[in-house]
Amino acid sequence: MKIRSALLSAAAVALTLGLGAASTAQAEDSGFKIMMTPKWTGFPYFEAAARGGEAAAEELGDEFVYAGADHADVTLQVETLQNFLTQRPDAILLAAIDLNAVAPVLKEAMEQGIVVTTFDADAAADARDMFVNQMSYKQAAKTMLDCALIDAPEGGEVAFVAASPTSPNHSAHIKFMKEYIETDPTYQVFTVVDTQYANDDDAKSYDVAINLMQAHPNLKVIISSSAVSAPAGARAIAAAGRAGEVYSTGFALPDAIKSYLEDGSQKCFALWNPYELGYLATYVTHLKLAGKLELTPGTTFEAGKAGSYTVGEGGEIVYGKPMMFTKDTVDDAGF
Amino acid sequence: MTVFRRIPQWELLLIVLTLCAAAWSSNLSPYYLSVDQILLSTRQFVYPGILALGLAVVVVLGEIDISLASILAFGAVLFSKCSEVGMAIWLATPLVILACAALGAFNGVLVTRLRLPSLAVTLGTMGAYRGLAFIVGSEYGYTSFDSSYTFIGSTKLFGALPVSFLVFLALAAGVIFLMHKTVFGRRCYAVGNNKEAAWIAGIDVANLKTQAFALGGGLAGIASLVWIGQYGSARGDNADGSILLVVTAVVLGGIDINGGRGSMVGVVLALFLLGTIRNGMGLANMAGPTQTVVLGTLLIIGVLRPLIARGIARLRQQLASSGHAGN
């Protein structure tokens, strides 16, 4: 009997939801069902992006669902996306774990007329409509160097820590940082002495930082665009008793570096606002659904509280607002 | 009392639990209860399912192979190389299966000839085979598969029935037959129960174990064929992190982790149970940590199964003796 009543109630819910979907289809301006999945849930960065997405959806009168596995596993992400498809959303937002492995299920979604937007990490370009990029490579490179200047205004030796030689964004950041140091007078006070790899691994990043300090006695700044390696570098500097002589900087979550900024052993880290990134990604998805956004390069549009943006090549929209955390600003980060 | 003697079959319990999970799922999400949806959802469990079939055979022999997911990654990358040079799929498939079986057999040789514990050996080859997969392929991965390569993993019959699921059912039937109806299977159980007795009875234990490891590897090769179709890509880190689910299915299926006991049917039923629960929780957009806790609990139930079974047996005895006393 219990099972039967469960089935009946399930059928009833399905019916009401079905009717709901039908009525929203006529409105066409709001009431879209937007589903978001991050690389993994529970991470403050992605939770902030989800809150941003939810705020945008609420503002625009859309339904917003956020779900995903609690660790970064691409087969689980594909499973989540498949489950999303079953729930017939109007749009799917995701931060792709593996740009290729999510492509088949995303293409299936697009065939069903679902709008697919990636944010934070892109999927294969033919498997999504838009990519909301947090920052261009050049801008990221410049931001990290600006932070290094706050650490060491007089300049000096710098070393880079990347995830791996083939990590696309890290390699591009390093390439542009080297270019700026060679050509831009503002950054010419720096000399690049080393590049090491730490695989986004906390323990390895710590070891790499210790080794860098030993290998280069005059080292001033260790720069990493890995949000794992930059805080680990700060920890290594404190443990080696080199606070005030060597600095670690790059991208990091406020929580991970707050204590170092407050005790004065570090001066500056950077990131962007994941809340607003999630807001923007959801907002542009809504605009696309409502037929108010053409994805031709050069199109400018307003995205509510997040300001105005321009569509780039291949459906890419650059959010591009770096955030620098110092002792005075880290508490205002809001995530 | 005969009723009590017949009911506590682990397989029956798994079926009941699966039905409960399905009822629960349809209560959780209005999207669950549809034949198309349920059939489609089986896709997510095909490749870990095939790995579980191979692992179950190895575990029956009292060994373990945690390198199976790495062998899958090697197989996927090897398929990408075959596709790159334009090899026909009917030639590439046996080639990859043989290569993967060879990797499995190598595990077996290390375990039996060097008398090393299989957990240590396969922990080592888990890393080594994945490294090999990265060396053979590139870190960027390969996506330009010929459509004949992706047919098995990506095709759905009648819009909902995955071909890969049919492949799994066929393989499951094959492994059930092999382990429960052939001399090979009986020998596996004999060795798992008592290695020395089996050896005295004339069973070539080392050879049998190597064959079991090779079978596990070969099945991982077939799983890699499913993988490349389903995910349309091959890279060294494929299926990384899936081994926990595979081990859960084997243990929850009733295979004794010390070997010698448990049925292959149980493993298949455990996969259906895990699949149903995951599907329901996923459609209800349940939070990630909750899902992990539920699956972890099932693994613990699986590990505690012998204890539960013993408890039930004791209860039965008591009931039986009190029944006699009453007479």
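Predicted, not measured: the structure shown is a model, and the values here were computed from it. (Residues numbered from 1 in each chain as written. Chains lettered and ligands numbered in written order. Predicted model: local features only at pLDDT ≥ 70, side-chain atom pairs only at ≥ 80, totals over all residues.)

J.: Please clarify how the sheet that holds strand E8 (residues 219-224) of chain A should be interpreted in this entry.
T.: Hydrogen bonds along the backbone pair up the strands of a sheet, which may run parallel or antiparallel. Residue and element names in this part refer to chain A. The 4 strands lie next to each other as E7-E6-E8-E9, forming an open sheet whose pairing is parallel. Looking at strand neighbours, the two that pair on one side only are strand E7 (190-197) and strand E9 (247-250), the edges of this open sheet. Adjacent strand axes in the sheet meet at a mean angle of 25° when their direction is disregarded. Summarising the sheet, E8 and E9 pair through 4 bridges and their orientation is parallel. Across the sheet, isoleucine 223 pairs through a bridge with threonine 249, a residue of E9. Strands strand E6 (156-162), E7, E8 and E9 of the sheet are contacted by helix H5 (residues 137-151), whose axis makes an angle of about 155° with E9. Of the strands in this sheet, E6, E8 and E9 touch helix H8 (residues 229-239), which is tilted by about 175° from E9. (Pairing = 2+ DSSP bridges. Helix = DSSP H or I, 4+ residues; strand = E, 2+ residues; numbered from the N terminus. Axes fitted to C-alpha atoms, helices over the stretch in contact; angles between N-to-C directions. Contact = placed C-beta atoms within 7 Å.)

J.: I would appreciate a short explanation of the nonpolar core in the present structure.
T.: Side chains of a nonpolar character, in soluble globular proteins, are inclined to be buried together. By size, the foremost hydrophobic cluster in this structure holds 196 residues, and its most contacted members are Val102 of chain A together with Leu51, Ala56, Leu72, Val250 and Val267 of chain B. Summarising the domain contributions, this core has at least three residues from each of domain 1 (29-128 + 274-321) and domain 2 (137-271) of chain A. When sequence neighbours within four positions are dropped, the list of residues in contact with valine 102 of chain A reads Val74, Gln77, Val78, Leu81, Ala96, Ala123 and Ala127 of chain A. (Core = buried A, V, L, I, M, F, W, Y, C linked by C-beta atoms within 7 Å. Buried ≥ 20, exposed ≤ 12 C-beta atoms within 10 Å, placed from the backbone. Domains from an automatic or database assignment.)

J.: I keep staring at H5 of chain A and nothing clicks. Help me out?
T.: In an α-helix, one full turn covers 3.6 residues, which means residues spaced three or four apart are oriented alike. End to end, H5 of chain A covers 21 Å across 15 residues, agreeing with the expected 21 Å (1.5 Å per residue, within 8%). Restricting attention to buried positions, one finds in H5 of chain A the residues Ala140, Ala141, Lys142, Thr143, Met144, Leu145, Cys147, Ala148 and Asp151 of chain A. (Expected span 1.5 Å × (residues − 1).)

J.: Is there a simple way to think about the domain arrangement of chain A in this case?
T.: Interfaces are often sized by the accessible area lost when the parts come together. If you check the domain split of chain A, you get domain 1 (29-128 + 274-321) and domain 2 (137-271). Its C-alpha centre places domain 1 of chain A at a distance of 31 Å from the equivalent point of domain 2 of chain A.

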